[in-house]
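Structural features, examined
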Amino acid sequence: SERFFAEPVTVEYALATQYHTVVDKPMDFRTIRGKVTSLQYGTTQLEAVRAFRDDFRLICSNAKAFHRPNEKIHIVARRLLKLSEKVIDVTFPWPCLPPVR
């Protein structure tokens, strides 16, 4: 099964594909999970939601930057970003959370 964004990019993959020449700040769901469980996203709800959202967006923007628009992982990232923005907007309808551009 495909597990896009689940784990950090491996060193082997990064070296073979020159991943780090395109992506300056890698992000993945395992890293996000670690940040959530170790309370690294801030002390207030607004701060935590913003930081989580920023990392989530980073996953998607990295995938979109590295992969061509017709590649499955790029398409998945684009759809995931759109869905996540809707969920975050409904769950946290604060005017201080700017929409994705």
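Residues numbered from 1 in each chain as written. Predicted model: local features only at pLDDT ≥ 70, side-chain atom pairs only at ≥ 80, totals over all residues. Heavy atoms only, no water.

Let's talk about the overall build of the protein
The condition that has to hold: Where helices and strands are cited, they refer to DSSP runs of H or I of at least four residues and of E of at least two residues respectively, numbered from the N terminus. Here the term buried applies to any residue with accessible area under 20% of the maximum for its type, exposed to any over 50%, and partly exposed to those in between, with areas from a 1.4 Å probe on protein chains only. Contacts: residue pairs with any heavy atoms within 4.5 Å of one another. Calculation of accessible area relied on Shrake-Rupley with a 1.4 Å probe; when residues are assessed, cover is drawn exclusively from the protein chains displayed. By the counting scheme adopted, Arg and Lys are positive, Glu and Asp are negative, and His together with the chain ends is not counted. Taken as the charge location is NZ of Lys, CZ of Arg, CG of Asp or CD of Glu.
Each helix and strand counted, the protein has five helices and zero strands in total. The helix and strand sequence of the protein, counted from the amino end, reads α-α-α-α-α. Its C-alpha atoms give the protein principal-axis dimensions of about 40 × 30 × 25 Å. With 101 residues in all, the protein has 30% of them scored as buried. Sequence separation of at least 24 residues holds for 57% of the intrachain contacts in the protein that already meet a minimum separation of 6. Just so you have it, the protein exposes about 7000 Å², and 59% of that area is on carbon and sulfur atoms. For the protein, the centre of its 16 positive side-chain charges and the centre of its 11 negative side-chain charges are spaced 6 Å apart.

With respect to the pattern of salt bridges
Convention followed: The salt bridge definition used is simple: a Lys or Arg side-chain nitrogen within 4 Å of an Asp or Glu carboxyl oxygen.
Per the counting criterion, the structure on display carries seven salt bridges. Here Glu 2 ties to Lys 72 by a salt bridge, and the two come within 2.7 Å at their closest N and O atoms. One end of the pair, Glu 2, is in the segment before α1 (11-17); the other, Lys 72, is in helix α5 (residues 72-91), with 70 residues separating them in the sequence. Overall, the relative accessible area of 51% leaves Glu 2 in the exposed class. The shortest N-O distance in the salt bridge between Glu 7 and Arg 30 comes to 2.9 Å. On the criterion of sequence distance, the pair formed by Glu 7 in the segment before α1 and Arg 30 in helix α3 (residues 29-37) is long-range, its members being 23 residues apart. Residue classification places Glu 7 among the partly exposed residues on the basis of a relative accessible area of 37%.

Some remarks on the packing of aromatic side chains
Convention followed: A pair of Phe, Tyr and Trp rings is counted when the ring centres sit within 6.5 Å of each other, with Trp represented by its six-membered ring. The angle between the planes then sorts it: under 30 degrees is stacked, over 60 is edge-to-face, the rest tilted.
Summed over the entire model, instances satisfying the criterion amount to eight aromatic pairs. Seen in terms of ring centroids, Phe 52 and Phe 56 are 6.1 Å apart; in terms of plane orientation they differ by 40°. Their pairing is tilted. Note that Phe 52 and Phe 56 are positioned in helix α4 (residues 45-66) at a spacing of four residues, about one turn of the helix. Take Phe 52: its relative accessible area is 29%, and that puts it in the partly exposed class. In textbook terms, an aromatic cluster arises when at least three aromatic residues are bridged by ring pairs, as seen for Phe 4, Phe 5, Phe 29, Tyr 41, Phe 52 and Phe 56.

Remarks on the side chain of His 74
Its location among the elements puts His 74 in helix α5. For His 74, a relative accessible area of 7% puts it in the buried group. In contact with His 74, other than residues within four places in its own chain, are Ala 63, Lys 64, His 67, Arg 68 and Pro 69.

So, the nonpolar core
Formally: Nonpolar cores are built from buried Ala, Val, Leu, Ile, Met, Phe, Trp, Tyr and Cys residues. Side-chain atoms within 4.5 Å join them into one set.
By size, the foremost hydrophobic cluster in this structure holds twelve residues: Phe 5, Met 27, Ile 32, Tyr 41, Phe 56, Leu 58, Ile 59, Cys 60, Ala 63, Ile 73, Ala 77 and Leu 81. If you tally residues by element for this core, the top one is α4, at five residues. Among all residues touching Cys 60, those that are not within four sequence positions of it are Ala 77, Leu 80 and Leu 81.

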